[in-house]
Amino acid sequence: MKFGVVVFPGSNCDYDCYYVIKRVIGESVDFIWHKSSNLKGYDCIVLPGGFSYGDYLRTGAIARFSPIMKEVIEFSKNGGLVIGICNGFQVLLEAGLLPGAMRKNRDLLFICRYVYVRVENSDTPFTRLFHKGQVLHIPVAHFEGNYYIDPQSLSRLKMNSQVVFRYCSKDGEVADEFNPNGSVYAIAGICNERGNVLGMMPHPERCSESILGSEDGKLIWQSIVKSINERLAKE
Amino acid sequence: MFKVKIYISLKEGVADPQGITIKNALDSLGYSGVERVRYGKYLQVYLKNSDKKKLQKKIDDMCKKILVNPVIESYEYEIEEVK
């Protein structure tokens, strides 16, 4: 099994993801430069956090046209697992792999702190080792994480169980005061209809070891590994 | 040559925290009667193109493909002939 971490100019969580996959999870992983156009042999592609292209124009708007993104779209159409974290989520939205868009945070502040999110759907390849309603302690670090989607599309998301994470209190209560950025429906992460593409604002790679204060993110990587192993066993 | 002035703004109904903050600043400076502020972007694109009709199509393409995010933004533009 092999992970690939895409590196755009301005990515800055690429090494954190690489490190966690290789050293904490113990799986094989490569960096993939954004100008590459070959994803052969990979089972899961990570679009990491950072400030691709300096966030010029809109977050993710230019990275979305990097050569590698054509391949990522193709890869996802063939059922490959794609996880976009923070800026990676923004790239997935711009690329149309996930619905909606990001606005600047409600309070116009860059938010860099631990928050709580609740697992809304534990039936995805990324969250299968959690149980529904489980609360994760996980950090966010973003200026544009204020997720927007129109009401009709939101009902579709809910109907298809595409809302994967919502901001909440320590005890799992969803209320405006626990929503750090003003996201519609307190959304912190969503998946596509098929469930093989996940976008999330919080950073699981920053909380995969207890020395960092939380290892709640680790189960996301382990869920991915389990899903891929099962698929490979079937093939 | 043509100079295209492209105005990009958040769609009606999309909350605009920057616009609200600017309005509050104007209020606190004592400018009365400011009802609303919407924050946007302004781009100048210089293009060599002789056919104005084709030019419009090109600008619409550019806007829809990359310059504007149609989920939350709308745009309008003006074309001006320059030397």
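Residue positions are given per chain, counting from 1 as you read along its sequence in written order. Both sets of labels track the order of writing: A upward for chains, 1 upward for ligands. Only residues with pLDDT of at least 70 are given local features in this predicted model, and only at 80 or more are side-chain atom pairs given and counted; all residues enter the totals for whole chains, interfaces and linings. Side-chain metrics rest on all non-hydrogen atoms present in the structure, leaving aside hydrogens and water.

Taking an unreviewed UniProt entry as the reference, chain B is identified by name as Phosphoribosylformylglycinamidine synthase subunit PurS belonging to Aerophobetes bacterium. UniProt positions are given in the numbering used here, feature names are shortened, and annotations may be inferred rather than shown by experiment. Quoted verbatim from the Catalytic activity (unreviewed entry) field of the UniProt record, the comment on chain B reads "N(2)-formyl-N(1)-(5-phospho-beta-D-ribosyl)glycinamide + L-glutamine + ATP + H2O = 2-formamido-N(1)-(5-O-phospho-beta-D-ribosyl)acetamidine + L-glutamate + ADP + phosphate + H(+)".

Student: I tried to follow the overall build of chain A on my own but got confused; where do I start?
Tutor: Scanning chain A from N- to C-terminus turns up 5 helices and 11 strands. Radius of gyration here is computed from C-alpha atoms only, and the compact-globule reference equals 2.2 Å multiplied by the residue count raised to the power 0.38. Whereas a compact globule of 235 residues would reach a radius of gyration of roughly 18 Å, chain A reaches 16 Å, a difference of no more than 12%. Overall, chain A is about 45 × 40 × 35 Å in size when its C-alpha atoms are taken along their principal axes. Here's how the labels work: a residue is buried when its accessible area is under 20% of the maximum for its type, exposed when over 50%, partly exposed in between, all with a 1.4 Å probe on protein chains only. Each of the 235 residues in chain A was classed as buried or not, and the buried ones make up 58%. By definition, residues are in contact when any of their heavy atoms lie within 4.5 Å. Taking as baseline every contact in chain A between residues at least 6 positions apart, the subset at least 24 positions apart corresponds to 76%. Here the open area of atoms and residues is found with the Shrake-Rupley method and a 1.4 Å probe, where only the protein chains shown may cover a residue. For chain A, the computed accessible surface area is about 9,700 Å², with 48% contributed by carbon and sulfur atoms. The charge count treats Lys and Arg as positive and Asp and Glu as negative. His and the chain ends do not count. A charge is said to be at NZ when it belongs to Lys, at CZ for Arg, at CG for Asp and at CD for Glu. Of the side-chain charges in chain A, 26 are positive and 25 negative, and the distance between the mean point of each set is 4 Å. Runs of E in the DSSP output that reach at least two residues are strands. Runs of H or I that reach at least four are helices, and both are numbered from the N terminus.

Student: Help me understand the pairing of strand β7 (residues 135-142) of chain A in this model?
Tutor: Successive side chains on a regular strand alternate, one facing one side of the sheet and the next facing the other. Residues and elements named next belong to chain A. Counting buried residues along β7, 6 of its 8 residues qualify, which places the element largely inside the surrounding structure. With 8 bridges joining them, strand β6 (residues 111-119) and β7 adopt antiparallel strand pairing. If you follow R113 over to β7, its bridge partner there is V140. Only strands that DSSP links by at least two bridges are regarded as paired with each other.

Student: Looking at this model, I keep getting lost on helix α2 (residues 52-67) of chain B. Mind explaining?
Tutor: Residues three or four positions apart in an α-helix share a direction because the helix packs 3.6 residues into each turn. All names here are of chain B. The span one expects for a helix is its residue count, reduced by one, times 1.5 Å. With 16 residues, α2 extends just 20 Å between its outermost C-alpha atoms, more than 12% less than the 22 Å of an ideal straight helix rising 1.5 Å per residue. For α2, the full list of buried residues reads L55, I59, C63 and L67. Projection of α2 onto a plane perpendicular to its axis shows the buried side chains occupying an angular sector of 75 degrees, all on one side. Projecting away from the buried face of α2 at angles above 90 degrees are the exposed residues K53, K54, K57, K64 and K65. Where α2 is buried, its residues meet β1 (2-10), β2 (40-47) and β3 (73-81). Side-chain atoms alone can form a polar contact between residues adjacent in sequence; in general such a contact is a pair of N or O atoms within 3.5 Å, and within protein one must be able to donate a hydrogen while the other accepts it. Its side-chain oxygen placed 2.9 Å from the backbone nitrogen of K53, D51 serves as the N-cap of α2. By construction, the arc corresponds to the directions joining the helix axis to the C-beta atoms.

Student: Just to check I follow, could you spell out the sheet that holds β3 of chain B for this structure?
Tutor: Sheets are built from strands that pair by backbone hydrogen bonding, the pairs being arranged parallel or antiparallel. Residues and elements named next belong to chain B. Pairing in this open sheet of 3 strands is antiparallel, and the strands run β2-β1-β3 from one edge to the other. Pairing within the sheet leaves two strands with one partner each, and these edge strands are β2 and β3. Neighbour to neighbour, the strand axes of the sheet diverge by 20 degrees on average, direction disregarded. As paired strands, β1 and β2 are joined by 8 bridges and run antiparallel to one another. Paired with S9 across the strands is G40, a residue of β2. For helices, the fitted line uses only the C-alpha atoms of the stretch in contact; every axis is such a line through C-alpha atoms, and the angle between N-to-C directions lies from 0 to 180 degrees. Strands in contact with α2 are β1, β2 and β3; relative to β3, the strand with the most contacts, it is inclined by about 150 degrees.

Student: Explanation requested: a nonpolar patch on the surface in the structure shown.
Tutor: Among the surface-exposed residues, Y15, Y19 and F31 of chain A lie close enough to one another that they form a single nonpolar patch of about 320 Å² accessible area. Structurally, Y19 of chain A can be placed in helix α1 (residues 14-25). Note on patches: the residues involved have over 30% relative accessible area and no salt bridge, like charges join within 9 Å, and the nonpolar side chains Val, Leu, Ile, Met, Phe, Trp and Tyr join within 5 Å. Put simply, a salt bridge is a Lys or Arg side-chain nitrogen that is within 4 Å of an Asp or Glu carboxyl oxygen.

Student: Please explain the pattern of salt bridges as it appears in this structure.
Tutor: A pair can form between side chains of opposite charge whenever their charged atoms are brought close. All told, the structure shown has 14 salt bridges over all chains when counted by the stated rule. For D30 of chain A, the salt bridge is made with K2 of chain A, and the minimal N-O distance between the two is 3.2 Å. Of this pair, D30 of chain A sits in strand β2 (residues 28-33) while K2 of chain A sits in strand β1 (residues 2-7), and the two are 28 residues apart along the sequence. On the basis of relative accessibility, which here comes to 24%, the residue D30 of chain A falls in the partly exposed class. Overlapping salt bridges, with partners in common, bring together R58 and E94 of chain A together with K41 and E73 of chain B in one network.

Student: When you look at helix α5 (residues 218-234) of chain A in this model, what are you seeing that I'm missing?
Tutor: Residues and elements named next belong to chain A. In this model α5 runs 25 Å from its N-terminal to its C-terminal C-alpha over 17 residues, within 8% of the 24 Å that 1.5 Å per residue would give. Those residues of α5 not exposed but buried are I220, W221, S223, I224, V225, S227 and I228. In the core, the buried residues of α5 are packed alongside β1, α1, β3 (44-47), β4 (81-85), β9 (163-168) and β11 (197-200).

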